[in-house]
Amino acid sequence: QVQLVESGGGLVQAGGSLRLSCAASGRTFSRYAMGWFRQAPGKEREFVASISWSGGSTYYADSVKGRFTISRDNAKNTVYLQMNSLKPEDTAVYYCAARSPWVRPDEYDYWGQGTQVTVSS
């Protein structure tokens, strides 16, 4: 069982930066691939970025590539999302997710409650 708690959201002007954190419970955090997703009002949840259990592989949605960076610190049971050059269209609730090793690569079995990110123009 993994519990995820996001933090770091808030209100920022366009062009600004935020760093989201996701703290995970449990002693086996390093076994899980991690991902960030977001959901804007009236839209479906969408993939933002993911990172392998070791941190050696990362993937990004085209819309955030070059602006966002996902990273993890397995010693702290935490995954981060550094968001730079923010745009109003990045406004959404951001969710952290964890994927057990035996779960399909496109599925996540643990989710956080989300943190609101609002980018003003």
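I will try to describe carefully the structure that is included in this document.

So, how was this worked out
- Residues numbered from 1 in each chain as written.
- Predicted model: local features only at pLDDT ≥ 70, side-chain atom pairs only at ≥ 80, totals over all residues.
- Heavy atoms only, no water.
- Buried < 20%, exposed > 50% of the residue type's maximum accessible area, 1.4 Å probe, protein only.
- Helix = DSSP H or I, 4+ residues; strand = E, 2+ residues; numbered from the N terminus.
- Pairing = 2+ DSSP bridges.
- Contact = heavy atoms within 4.5 Å.

### Observations concerning the pairing of strand β4 (residues 33–39)
Then, number 1: Burial runs high along β4: six of the seven residues are buried.
Then, number 2: Across seven bridges, the pairing between β4 and strand β9 (residues 92–99) is antiparallel. By the bridge assignment, Gly35 is partnered in β9 with Ala97.
Then, number 3: Where β4 and strand β5 (residues 46–51) come together, five bridges link them in antiparallel fashion. By the bridge assignment, Met34 is partnered in β5 with Ile51.
Then, number 4: The hairpin formed by β4 and β5 contains six residues between the paired strands, and Gly42 there has a positive phi angle of roughly 75°.

### What about the environment of Thr118?
Then, number 1: By the secondary structure assignment, Thr118 is in strand β11 (residues 115–120).
Then, number 2: A relative accessible area of 28% means that Thr118 is categorised as partly exposed.
Then, number 3: When the C-alpha positions of Thr118 and Val12 are compared, they lie 6.3 Å apart, and in sequence the two are 106 residues distant.
Then, number 4: Every residue in contact with Thr118, bar those within four places of it in the chain, is listed here: Gly10, Leu11, Val12 and Thr91.

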